[in-house]
Amino acid sequence: MDTLHTVLRSIRGETKSRRDHITVFREFLDHLERASRRREKSVKPPKSKSPRGKR
């Protein structure tokens, strides 16, 4: 958890004193959720290979 706290602090500047571990963990989960949303948007659905219209 200390390493996680250090990484999150380096990503987003921290002006407060030390935060508790639960707050840090919630922030970590928030980062994961945002990353998964970005990934879902970037994944394109596969094009269907329809034989129609190719004559």
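Quick note: structure is the one above.
Residues numbered from 1 in each chain as written. Predicted model: local features only at pLDDT ≥ 70, side-chain atom pairs only at ≥ 80, totals over all residues. Heavy atoms only, no water.

Caption draft 1: Spatial organisation of the pattern of salt bridges. Here the structure, examined in full by the defined rule, presents two salt bridges. In this structure, Arg34 and Asp30 form a salt bridge, with 2.3 Å as the shortest nitrogen-oxygen distance. Here the residue Arg34 and the residue Asp30 both occupy positions in helix H2 (residues 21-42), the gap between them amounting to four residues, near one helical turn. Between Arg37 and Glu33 there is a salt bridge, and its shortest N-O distance comes to 2.4 Å. You can see Arg37 and its partner Glu33 sitting in helix H2, four residues apart, about one turn around the helix. Owing to a relative accessible area of 47%, Arg37 belongs among the partly exposed residues under this scheme. (Salt bridge = Lys/Arg side-chain N within 4 Å of Asp/Glu carboxyl O. Helix = DSSP H or I, 4+ residues; strand = E, 2+ residues; numbered from the N terminus. Buried < 20%, exposed > 50% of the residue type's maximum accessible area, 1.4 Å probe, protein only.)

Caption draft 2: Main features of a nonpolar patch on the surface. Together, Met1, Phe25, Leu29 and Leu32 line one region of the surface with nonpolar side chains, adding up to about 370 Å² of accessible area. Looking at the element boundaries, Leu32 is found in helix H2. (Patch = residues over 30% accessible without salt bridge, like charges linked within 9 Å, V, L, I, M, F, W, Y side chains within 5 Å. Areas by Shrake-Rupley, 256 points an atom, 1.4 Å probe, with all protein chains shown as cover.)

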